[in-house]
Amino acid sequence: SDLKQLKRSDFVALWLGCEAPSTITDVDGDWNGVLLDNSGLTSVSNILTDVLFGWRHGKWNGKAFDASIDGGTNRFFPKSGDGEIEREHKFDCKIDTSLVHPNTKSLNLLYADHQSRLSLWHTMRDEIRVLRLSGNKGSVLLGLGCMKWSGAYWRGGMMNSSPFCLWRG
């Protein structure tokens, strides 16, 4: 809940101070998610993610990683409000150079190989880093997601990215 209170600039500063996970196995499994403050674009981010990205199912609910295939999928609440979490929009993931913070690594989620060239999501990319919590409280994942067509072609669109948080749950 403290992360929800952060302004976008503070979130990005926190994200920059975090590191990529050591291996994809470190993030294997289901993670709940929430979109965070995106300055004046929060409502646009919500529409893109919850209405367009989740149009078949419902509001975005996080991600599921599968280390055995170096990939994963997005999770959505069912529109009916009842039932199992829906999954759609697969991605490949790899620990590689960050477009946001060159010369450092992020867990990069790439959607192109799972979307048609005409899909709004073809150029989608997320970059994820690990925020280690004090004590034995584990960690949360901090993410920045974007699409190249969204207006910021500099660094692959990442300068116009939307912040989100993932936690095991």
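Above this text sits the structure in question.
Residues numbered from 1 in each chain as written. Predicted model: local features only at pLDDT ≥ 70, side-chain atom pairs only at ≥ 80, totals over all residues. Heavy atoms only, no water.

Along its length, the protein chain carries three helices and eight strands. Written out in order from the N terminus, the α and β elements of the protein chain read α-α-β-α-β-β-β-β-β-β-β. A sequence separation of at least 24 residues applies to 51% of the contacts in the protein chain between residues at least 6 apart. Carbon and sulfur atoms make up 53% of the accessible area of the protein chain, which totals about 8,900 Å². (Helix = DSSP H or I, 4+ residues; strand = E, 2+ residues; numbered from the N terminus. Contact = heavy atoms within 4.5 Å. Areas by Shrake-Rupley, 256 points an atom, 1.4 Å probe, with all protein chains shown as cover.)

A few words now on the pairing of strand β3 (residues 71-76). Across the six residues that make up β3, a large majority, six, are buried. Summarising the sheet, strand β2 (residues 60-66) and β3 pair through six bridges and their orientation is antiparallel. Looking at β3, one finds that D66 is bridged to G71. In this structure, the hairpin formed by β2 and β3 is closed by a connection of four residues, where D70 is found at a positive phi of approximately 50 degrees. Note that β3 and strand β4 (residues 86-97) share six bridges and pair antiparallel. Paired with F76 across the two strands is E86, which belongs to β4. (Buried < 20%, exposed > 50% of the residue type's maximum accessible area, 1.4 Å probe, protein only. Pairing = 2+ DSSP bridges.)

Note that L166 resides in strand β8 (residues 162-167). When the C-alpha positions of L166 and K63 are compared, they lie 7.7 Å apart, and in sequence the two are 103 residues distant. Those residues within four positions of L166 in sequence are excluded, and the remaining contacts are W31, N32, G33, W60, G62, K63, F65, I128, V140 and L141.

This part takes up the sheet that holds β2. Spatial strand order, β1-β2-β3-β4-β5-β6-β7-β8: eight strands in a closed barrel with antiparallel pairing. Ignoring strand direction, the axes of neighbouring strands in this sheet form an average angle of 30 degrees. Contacts from helix α2 (residues 8-16) reach β5 (105-110), β6 (124-132), β7 (139-147) and β8, with the element oriented near 115 degrees to β7. (Axes fitted to C-alpha atoms, helices over the stretch in contact; angles between N-to-C directions.)

In this section: the packing of aromatic side chains. For any two aromatic rings, the description comes down to two numbers: the centre-to-centre distance and the angle of the planes. Per the counting criterion, the structure on display carries three aromatic pairs. Arranged with centres 5.6 Å apart and planes meeting at 75 degrees, the rings of W60 and F164 form a pair that is edge-to-face. With W60 in strand β2 and F164 in strand β8, this pair connects stretches of sequence that are 104 residues apart. Taken individually, W60 and F164 each receive the classification buried, so the pair is uniform in this respect. Among the aromatic residues, those joined into a ring-pair cluster are F65, F91 and Y111. It is R129 that lies over the ring of W15; its NZ or CZ is 4.1 Å from the centre. (Phe/Tyr/Trp six-rings, centres within 6.5 Å; stacked < 30°, edge-to-face > 60°. Lys NZ or Arg CZ within 6 Å of the ring centre and 35° of its normal.)

As a further point, take the pattern of salt bridges. In total, this model carries five salt bridges according to the counting rule given. Residue D30 is joined to R75 by a salt bridge in which the shortest nitrogen-to-oxygen separation is 2.9 Å. Residue D30 is located in strand β1 (residues 29-35), and its partner R75 is located in strand β3; the two are separated by 45 residues in the primary sequence. D126 serves as the salt-bridge partner of K63, at 2.9 Å between the closest nitrogen and oxygen. One end of the pair, K63, is in strand β2; the other, D126, is in strand β6, and 63 residues separate them in sequence. By relative accessible area, which is 1% here, D126 ends up buried. Beyond isolated ion pairs, a larger network of salt bridges with shared partners links D30, R75 and R87. (Salt bridge = Lys/Arg side-chain N within 4 Å of Asp/Glu carboxyl O.)

Just distances and angles here, no functional claims.
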